[in-house]
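# Reading the structure
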Amino acid sequence: MPRIQYFVAASLDGFIATPTDDLGWLLQFDGFEGGKESYESFMADVGCIVMGGGTYAWLLEHEPGNWPYPGTPSYVFTRHEYTAPAGSDITFVRGEVTEFLADFERATGGKNIWVVGGGNLAAQFASAGLLDELILSVIPVVLGDGKRLLPLAGPTPPLELVASRTMGRGIVELRYRLDGIAGS
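Let me sum up the structure you'll find in this document. Computed from a predicted model, the values in this text were never measured in an experiment.

## Examining the sheet that holds strand 4 (residues 74–77)
Judged by pairing direction, the sheet is mixed, and its 8 strands sit side by side in the order 5-4-3-6-1-7-10-9 without closing on themselves. One side of each edge strand has no neighbouring strand; the edge strands of this open sheet are strand 5 (90–93) and strand 9 (160–166). Averaged over all pairs of adjacent strands, the angle between their axes in this sheet comes to 20°, without regard to strand direction. Bridging between strand 3 (residues 46–52) and strand 4 involves 4 bridges; their strand directions are parallel. Residue pairing across strands places Ile49 opposite Ser74, the latter belonging to strand 4.

## Some details on the side chain of Thr18
In this structure, Thr18 sits in the loop between strand 2 (15–17) and helix 1 (24–27). Those residues in contact with Thr18 that lie beyond four places of it in its chain are Trp25, Leu143, Asp145, Gly146 and Lys147.

## Describing helix 3 (residues 53–62)
Among the residues of helix 3, Gly53, Tyr56, Trp58 and Leu59 are the ones counted as buried. Buried residues along helix 3 sit in contact with helix 1, strand 3, strand 4 and strand 5.

## Quick word on the pattern of salt bridges
Under the counting rule described, the total for this entry stands at 8 salt bridges. Among the salt bridges present, the one from Glu133 reaches Arg3, with a minimum N-O distance of 3.5 Å. Residue Glu133 is found in strand 7 (residues 133–139), and its partner Arg3 is found in the segment before strand 1 (4–11); the two are separated by 130 residues along the sequence. A salt bridge links Lys147 to Asp21; its shortest N-O distance comes to 2.9 Å.

## Side note on the packing of aromatic side chains
Applying the stated criterion to the full structure yields 16 aromatic pairs. Seen from their ring centres, Phe42 and Trp114 are 5.3 Å apart, and the 85° between their planes marks the pair as edge-to-face. Within this pair, whereas Phe42 is found in helix 2 (residues 35–43), its partner Trp114 is found in strand 6 (residues 112–117), the two being separated by 72 residues in sequence. For the pair Phe42 and Trp114, a shared accessibility class is recorded, and that class is buried. Through pairs of rings, three or more aromatic residues link up here, namely Phe7, Tyr39, Phe42, Tyr56, Trp67, Tyr69, Tyr82, Phe92 and Trp114. Its guanidinium or amino end placed over the ring of Phe29, Arg169 lies 4.4 Å from that ring's centre, counting from NZ or CZ.

Cut-off values and rules
- Residues numbered from 1 in each chain as written.
- Predicted model: local features only at pLDDT ≥ 70, side-chain atom pairs only at ≥ 80, totals over all residues.
- Heavy atoms only, no water.
- Pairing = 2+ DSSP bridges.
- Helix = DSSP H or I, 4+ residues; strand = E, 2+ residues; numbered from the N terminus.
- Axes fitted to C-alpha atoms, helices over the stretch in contact; angles between N-to-C directions.
- Contact = heavy atoms within 4.5 Å.
- Buried < 20%, exposed > 50% of the residue type's maximum accessible area, 1.4 Å probe, protein only.
- Salt bridge = Lys/Arg side-chain N within 4 Å of Asp/Glu carboxyl O.
- Phe/Tyr/Trp six-rings, centres within 6.5 Å; stacked < 30°, edge-to-face > 60°.
- Lys NZ or Arg CZ within 6 Å of the ring centre and 35° of its normal.

Next up, the structure:
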């Protein structure tokens, strides 16, 4: 059974982007020790990608003509009309995440499902009790405000820390098991 994973980076104060979706604070850490290896190891087990429309729009703006996930089936939750870049395998969907779970699972080829972003989409999976893992790279900066990591309405039960490691430039990667934990 594929696992649904939220692999994400956040500031020390729990934001994944500034209020204006600026990621300059994060991009300054590109190429940090252990980052490429962590990402490649994670991606080796990803068979399907699910993202929100804001994340998709950010990728189109910042990676024009270069779809970063060629050959990986991707689902984009959006209310907007978009076209898919050449070489991509993208399905645009509207509705609740639970409506498409069987589609995601079929698309994985037995691998895992990566919830790329943003936090609101990951929170929908968590609220439905579908988010299995949170793999969080804590970036040593404070933003003060922005898009929250996992904007749930209330506290969750304690998450189970299953692994942690320190990587270059003060980044810490934390892996939590959520199995069936629904946000309130």
